[in-house]
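Structure at a glance
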Amino acid sequence: MSREAFALQLFFLLLVHGTLADQAARVLEFSRSRMNFQYDQYTTEHASQRVNHQLYMRSQVGLKEADKVSELPGQPGRADFDQYAGYVTVSATSGKALFYYFVEAAEDPSTKPLVLWLNGGPGCSSLGDGAMLEIGPFFVNSDNKTLSINRYAWNNVANMLFLESLIGVGFSYSNTTSDYNNTGDRSTAADAYTFLTNWLERFPEYKGRDFFITGESYGGHYIPQLANAILTNNNIMNTTSINLKGVAIGNAYLDDSTNTRATIDYYLTHALISKETHLAVQQNCSFNGTYMAQCRNALAAAETEKGIIDLYNIYAPLCWNASNPRQLNGLVQLLTDFYHLTLALFLSYQMVLQATNVDPCSRYYIESYLNRPEVQKALHANTTGLEQPWSDCRCKNIDKSLFNNIITPENWKDAPMSMLPSIQGLISSGVSTWLYSGDIDAVCPVTSTLYSLDILELPINSSWRPWYSDDNEGSETGFVSWGDCRLVAMWLDTKVWCSQQSEKLGIWFLPTNLKEHSPCSPHSCKENCPLNDQNFASSLYGDVLCFNNNRYVTVDAKAGRALFYYFVEAPHDPFKKPLVLWLNGGPGCSSFGAGAMLELGPFSVRSDNKTLYKKQHAWNTVANMLFVEVPAGVGYSYSNTTSDYYNIGDKKTTDDAYTFLINWLKKFPEYQDRDFFIIGESYAGHYIPELANLIVSNNRAINSTNIKLKGVAIGNADLHDNVTLRASFDYYWRHAMISDRVYRAIQASCGFNDTYTNDCQNAMNLAIEEKGNVDDYNIYAPQCHDASNPSGSSDSVLYGDPCTNHYVSSYLNNPEVQRALHANNTGLNYTWMDCSELIFDNWKDSPETMLPSIKTLISSGTRIWLYSGDMDAVCSVTSTQYALDILGLPVETSWRPWHVDNEVAGYVVGYRGLVFATVRGAGHMVPYYQPRRALALLSSFLEGKLPPE
C-alpha cells in the first residue's frame, strides 16, 4: 500500500475522540504526516520482517481466580454473572502483555458461545469503546463514578471477551520501547492469536466452545487476519482448541480505494457536499493508491463543505461540555440500524440493541472512570504503573514528546491495501462471515461495504429484504432481503407524487416537543394579546391558554364556501413582526392539524387527547402565524354546494386562497401593509408558487400592493412529478434501502417521462417490497403501533411521540374544542380529519411541473427559499437538487454548512434569485423533527439573510 493510500485510510478511520474540532485537526495532522514519508521506504523497508511468529506459551495455573472481579466501583448491585479482567503475557522476552475484560453470560454460560470483540482504530480500546460504551453490561454515568445497566448487553446471549489489542492501547503495554515503534497488522494478529491460546489455558472450560469474532471499523483488518491465523494453526496442529465458527464485522474497513471513494460518494448522496465538489473529486482522484495534489485539494474541499459533524454518526450531536451534561446541545435518539458504534446485529440471534438518549459525552465519562485508581485496582489493570493515562484511542490528545508508547502512522508498519482476499479465504474455508453496516456512518459507510461486495461478486442465495426487531413487531430495523408492499397504488396510479399520502402518512408517525406550558388566565390572555373579540378563543378544552383568533372566512357566498383559519399573533411586539401564511399540502391536508398542532404552532396535544402543552420553538415567536385549511372540504373548511368537493384542483384552490386573504385582511386591517410571507411544505410546492404569482399579478393589475408579498419558502417541495418520483428511488438506493439488482432494473426500464411500462412498474413494485415497512417521510422514524397506549409505540425519536397525530385528531373532534375554536358551526356530516380522501380522489388539475412558476417568481424579484429535511424519501432533498439542476441558476454563494448552537444544522447554497438549504436530521415535516433548526431557518428567511455560518 502506498503512503498516500495509508494516509487517507487513517484520515477516514482514526477513532479520535474529544471535541470534534480537536478530532478534525488531529486526524488531518495524522494523515498528512504519513503523506510525507518516502514511498520506497514505506513499501519495502519492512518486507524482510515477514517471518513465522514464535508462539509463546506459559502456565496459567491460578491466574483465572486472581483475575476474578468481585465488583466494579459504582456497580448497580451485585451482578448475576461472573466477570474477570487482567493481563495475558504474549512475549516474555519483551515483557509484552495484553489486557482483557471478560463477562460470562448472565444465564447458562456453559451453554453459550464465546465471542471475542475487537474495536478498530488502529489503536482504539475494546474495553472503553466496546465494553463500556457499546455492548458490555455497564455504562458509565455522567458523574464519572457510577455505572448503569445496559439492558441490551451482548452477554445476554454469549460469553463476551474484550481485548485491548495491540500493545500501547488502553491498559495493554510492553516493557520494550521499540515494540511501540514496530506495530502493524501482522504483529497485531500474531499477538492476538498468542493471547487466545494462553487465555484458553487460563479458562480451559472454553476450549472447543463455539467461538466467534466480532468487531467494527479497522477490525475489518484485525478480524480476517486473526481468523485466518486460527484456521492455519488449527490445520497445522490438527486441533480445534479454538473452534472458530464465524466472524461478523460492522462498518468494516476492507479496501483502501473502495472506502475512500465510498466516503466521498456518501457525502454527496446524503447532502453533505455539493455536486460540484463531488465532480472535482471524481475528475482528479483515481482511487488507485496514488493521490496527486489536485485530488488532495478536492478532498480537502469536500471536508470543508461538510463542516464539523460527527462522521461516525452524521446526525449525532456533539459534546461541548462533558463536565456539565445539562449544557449539552441535546441527546440524540439512535435507532439500532444506523449507529457506527455497533448496537445492531449479533450473529444468528439477530439481536436488536436499542440505544435511546445516547449522551455524546459518554467517552469522557468512561475515560475519567477508567483512570480512577480504585477502578484500575478492581480491574487488576495498570499493575506496572504505566507512564500515560488510559485513553480510548492511543494517539488521542497526547503530546508525543511525553510518552513513547503511542500508535502513530510512523509506527504502523504494515496494512494490506485490501482485505477482500482474506474475506474470500474465510468464505472458502466455510467460516460463517457476516458484514453489517450502520447506515449513518460516513467513515466506513454502508456504501463502502456495498462496493466491496461488488468486487467479491458472490452469488446471491437470499434476496434483499428488510428485517425487523422482535421488540416492536413491524418496526423495521435493517435490510437483508425482501419485504412487503404498502404504497404501490399511490406511486404508480397518480401523477401527484407528494400527494395526500405524503401528508397523511407523515402525520401518522411524527413526534412532538415534550416541553411543559405555563397556564394563564383568560383575563391575562386578553390583556396581552391584541384580539378581535368576536374571533377570540380564550381557552381550549383542558387548559386555559393564550390562543388568538380563529373562525371562518367566506370565499364564495353563492356556493356557501368558507375556509377555516387559525391565527396566532406573536407574543411580543406583534405589530412589529411580519405576517406569515402557512400551507400544508396533500392535496387535501390540514394546515391547522398538521401545521399548527403538530409542527410549528404554539401548542400540541398530550396523549390523554384532552390537554395541551406549549412548544418551545413555535414560529409565532418571530412572526404572526396564519394557518388556513384549504381547499373547502379540508379540516373544518366546507361548502354548502356538494359539487365543490368533486370539482377541485390547483386553480380553484389558488383562487379561493387569494379571496380568503383579501377578505381576511379586511377583518384585520392592521396587517394590510405588513410584510407578508407564504411558507409551507410538500404539495404546497404547487399551492405556494401559484398563489404567489397570482398575488404579484393582481398587485400589478391594480398598480397597488394589495398584499405586500415579500417572499415564499417551501419545504420538501413537490415541484416536478417525474423528477420527484425518480429521486425517491434514487434516494432509496443511496440510503441502502433497496438492492443494486432492483435499482438497476428501475434505471433500465423507467424513463420517468410520463410513460411507465409494465417492466418499469414491476421494478418499482419490487423496490417497494424491498424497502419494507419504513416511514418514507422520515426513514429513521419509529412507528405508532397503538395510539391508545403510548407505551405501545416503538422507541420515540427526539422531540416526541410518533402517535401524536392521533391525539390531535381526537382532540379536534371534541365538541368542546370545536366550540372554543368557533369551528364546525354548521354541523358538518363528517369528522375532522388530518387529510381528506374525498378531496384527494377528486383533484382535477395539477401541473406536471411547477418550475416555470418558480422561474416567474424569480423574475418578479420575490424572495424564494427551498429547504429540505434530509431524511425524507418522498419529496426528498435529492428531488429538490434535481429540480435545481433543471432550473440551471448560477451559484452566487457556494455550498457551506450553517449552524445552530455550534452544531451543523444543515447546508446552504445561494443561487441567483433563490436560496436552497438542507436541514440535517429532519424528515418531511421539518419543524417536527428539528424545531430549533426550523425556527432558526425561518428567522434567517424573514430577515433575508443566509443562515448563520
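Before reading further, recall that the structure is shown in the block above.
To start, this report covers the structure provided alongside it. (Residues numbered from 1 in each chain as written. Predicted model: local features only at pLDDT ≥ 70, side-chain atom pairs only at ≥ 80, totals over all residues. Heavy atoms only, no water.)

**Observations regarding the overall build of the protein**
What counts here: Strands here mean DSSP runs of E at least two residues long; helices mean DSSP runs of H or I at least four residues long; both are numbered from the N terminus. The classification of residues rests on relative accessible area computed with a 1.4 Å probe and restricted to protein chains. Under 20% of the type maximum is buried, over 50% is exposed, and intermediate values are partly exposed. Working rule for contacts: check all heavy atoms of both residues, and any pair within 4.5 Å makes them a contact. For the accessible areas, the method is Shrake-Rupley and the probe is 1.4 Å, while residue cover comes only from the protein chains on display.
Of regular secondary structure, the protein possesses 30 helices and 27 strands. Across the 949 residues that make up the protein, the buried fraction comes to 63%. Residue pairs in contact within the protein that sit at least 24 positions apart in sequence constitute 74% of those at least 6 positions apart. In the form shown here, the protein has an accessible surface area of approximately 34000 Å², with 48% of it arising from carbon and sulfur atoms.

**Here's the deal with the state of the cysteines**
Selection criterion: The rule for a disulfide is simple: a pair of cysteine sulfur atoms within 2.5 Å.
This structure, assessed with the given rule, holds six disulfides. Here Cys319 is linked by a disulfide to Cys361, with a sulfur-sulfur distance of 1.7 Å. Because the sign of the S-S torsion sets the handedness, a value of about 100° for the bond joining Cys319 and Cys361 places this disulfide among the right-handed ones. Separated by 42 residues along the polypeptide, Cys319 in the loop between α10 (293-306) and β10 (332-334) and Cys361 in the loop between β11 (355-358) and α11 (362-370) bring together distant segments of the chain. Grouping residues by exposure puts Cys319 and Cys361 together as buried. Between the sulfur of Cys784 and that of Cys803 lies a disulfide, 1.9 Å long from S to S.

**Here's the deal with the packing of aromatic side chains**
Convention followed: Aromatic pairs are defined between Phe, Tyr and Trp rings, using the six-membered ring for Trp, whenever the two ring centres lie within 6.5 Å; interplanar angles under 30 degrees are classed as stacked, those over 60 as edge-to-face, and all others as tilted. For a Lys NZ or an Arg CZ to count as sitting over a ring, it must be within 6 Å of the ring centre and within 35 degrees of the ring normal.
Throughout the structure, instances matching the rule amount to 49 aromatic pairs. On the basis of an interplanar angle of 35° and a centroid distance of 5.9 Å, the ring pair of Phe81 and Phe138 is categorised as tilted. Of the two residues, Phe81 sits in the loop between β1 (68-69) and β2 (83-91) while Phe138 sits in strand β5 (residues 138-140), which places them 57 residues apart along the sequence. Residue Phe138 is classed as buried on the basis of its relative accessible area, which comes to 4%. Ring geometry for Phe564 against Tyr636: centres 5.1 Å apart, planes inclined by 75°, an arrangement best described as edge-to-face. Of this pair, Phe564 sits in strand β16 (residues 561-568) while Tyr636 sits in the loop between β20 (624-629) and β21 (638-639); the two residues are 72 residues apart in sequence, bridging distant segments of the chain. Like Phe564, the residue Tyr636 is buried in the burial classification. Pairwise contacts between aromatic rings join Tyr552, Phe564, Tyr566, Phe592, Phe627, Tyr636, Tyr638 and Trp832 into one cluster. Here the guanidinium or amino end of Arg863 rests over the ring plane of Phe941, the centre of that ring lying 6.0 Å away.

**Describing a nonpolar patch on the surface**
Selection rule: Excluding any residue in a salt bridge, patches collect residues exceeding 30% relative accessible area, merging like charges within 9 Å and nonpolar Val, Leu, Ile, Met, Phe, Trp and Tyr side chains within 5 Å. Whenever Lys or Arg places a side-chain nitrogen within 4 Å of a carboxyl oxygen from Asp or Glu, that contact is recorded as a salt bridge.
A contiguous nonpolar patch, built from Ile427, Leu453 and Leu458 and spanning about 200 Å² of accessible area, is present on the exposed surface. Structurally, the position occupied by Ile427 is in helix α13 (residues 420-429). Ile427 sits in the partly exposed class, given a relative accessible area of 32%.

**Describing α11**
Among the nine residues of α11, seven are classified as buried, and the element is accordingly described as predominantly covered. All buried positions along α11 are accounted for by Ser362, Arg363, Tyr365, Ile366, Glu367, Tyr369 and Leu370. Looking at the buried residues of α11, the elements they touch are α5 (126-135), β5, β6 (147-149) and α12 (373-378).

**A look at the nonpolar core**
Worth spelling out the cut-off: Nonpolar core, defined: a set of buried Ala, Val, Leu, Ile, Met, Phe, Trp, Tyr and Cys residues in which side-chain atoms within 4.5 Å join the residues together.
Membership of the largest hydrophobic core comes to 169 residues, with the highest contact counts inside it found for Trp664, Ile678 and Leu914. When sequence neighbours within four positions are dropped, the list of residues in contact with Trp664 reads Val553, Tyr565, Phe567, Leu579, Leu626 and Tyr671. Met132, Leu196, Leu226 and Ile366 belong to the second-largest nonpolar core, a separate cluster that totals 86 residues.

**Observations concerning the pattern of salt bridges**
As enumerated under the stated definition, the model contains 24 salt bridges in all. Between Lys64 and Glu205 there is a salt bridge, and its shortest N-O distance comes to 2.6 Å. Here Lys64, found in helix α4 (residues 63-67), pairs with Glu205, found in the loop between α6 (185-202) and β8 (210-216); they are 141 residues apart in sequence, far enough to count as distant. In this structure, Lys96 engages Asp191 in a salt bridge whose closest nitrogen and oxygen atoms are separated by 3.2 Å. Of the two residues, Lys96 is situated in strand β3 (residues 96-103) and Asp191 in helix α6; the sequence distance between them amounts to 95 residues. Take Lys96 and Asp191: they sit in the same class, and that class is buried. If you follow the salt bridges from partner to partner, you end up with Asp556, Arg561, Asp644, Lys652 and Asp656 in one network.

**Side note on the sheet that holds strand β9 (residues 243-250)**
Stated precisely, the cut-off is as follows: DSSP calls a pair of strands paired once it identifies at least 2 bridges connecting them. Note on geometry: axes are C-alpha line fits, over the in-contact stretch for helices, and angles between N-to-C directions span 0 to 180 degrees.
Pairing is mixed across the open sheet formed by eight strands, whose spatial order is β1-β2-β3-β7-β4-β8-β9-β12. The outermost strands of the open sheet, each flanked by one partner alone, are β1 and β12 (432-436). Strand direction decides the pairing type here: β9 and β12, joined by five bridges, are parallel. By the bridge assignment, Gly246 is partnered in β12 with Ser432. Across the sheet, α5 lies against β3, β4 (114-118), β7 (159-164) and β8, angled at about 145° from β7, the strand it touches most.

**Structural notes on the environment of Leu857**
Here Leu857 lies in helix α27 (residues 851-860). Accessibility expressed as a relative area gives 0% for Leu857, which makes it buried. When the C-alpha positions of Leu857 and Val712 are compared, they lie 9.3 Å apart, and in sequence the two are 145 residues distant. Excluding its chain neighbours within four sequence positions, the residues that come into contact with Leu857 are Pro689, Ala692, Asn693, Val696, Val712, Thr862 and Ile864.

**A short note on the pairing of β20**
Where burial is concerned, most of β20 is hidden: six out of the six residues are buried. The side-chain alternation of β20 yields two buried faces, one formed by Asn624, Leu626 and Val628 and the other by Met625, Phe627 and Glu629. In the sheet, β16 pairs with β20 via five bridges, with the strands oriented antiparallel. Bridge pairing links Tyr566 to Phe627 in β20. Taken together, the four bridges between strand β17 (residues 579-583) and β20 define a ladder with parallel strand orientation. Residue pairing in the sheet places Leu581 in a bridge with Leu626 of β20.

**Points about the packing of helix α8 (residues 256-269) against helix α9 (residues 275-284)**
To keep things clear, this is the line we draw: Oblique is the label for any angle not covered by the other classes, which are roughly parallel (under 35 degrees), roughly antiparallel (over 145) and roughly perpendicular (65 to 115). Crossing handedness is read from the near helix: turned anticlockwise from the far helix by less than a right angle, it gives a left-handed crossing, and turned clockwise, a right-handed one. Amino acid classes used here: Ala, Val, Leu, Ile, Met, Phe, Trp, Tyr, Cys and Pro are nonpolar; Asp, Glu, Lys and Arg are charged; the rest, including Gly, are polar.
The geometry of α8 relative to α9 is characterised by a closest axis approach of 10 Å and an angle of 160° between their N-to-C directions. Relative to α9, the element α8 is oriented roughly antiparallel. Seen along the crossing, α8 lies across α9 with a hand that is left-handed. Of the residues in α9, those in contact with Ile264, Asp265 and Leu268 of α8 are Lys275, His278 and Val281. In terms of residue class, the contact of α8 with α9 is made up of three nonpolar, one polar and two charged.

**Some points on the side chain of Ser591**
To be explicit about the condition: Any pair of nitrogen or oxygen atoms within 3.5 Å is treated as a polar contact; in protein, a donor-acceptor pairing is required on top of that, and neighbouring residues in sequence qualify only through side-chain atoms on both sides.
Here Ser591 shows up in helix α18 (residues 591-600). For Ser591, a relative accessible area of 0% corresponds to the buried category. Among the polar contacts listed, one links the side chain of Ser591 to the backbone nitrogen of Asn584, at a separation of 2.8 Å. Dropping the residues within four chain positions of it, Ser591 is found in contact with Trp582, Leu583, Asn584, Ala596, Phe627, Val628 and Glu629.

**Quick word on the environment of Ser637**
Tracing the sequence through the fold places Ser637 in the loop between β20 and β21. Sequence separation of Ser637 and Tyr565 is 72 residues, and the distance between their C-alpha atoms is 8.4 Å. When sequence neighbours within four positions are dropped, the list of residues in contact with Ser637 reads Tyr552, Ala562, Leu563, Phe564, Glu629, Pro631, Ala632 and Tyr830. Of the polar contacts made by the side chain of Ser637, one reaches the backbone nitrogen of Phe564; its length is 2.8 Å.

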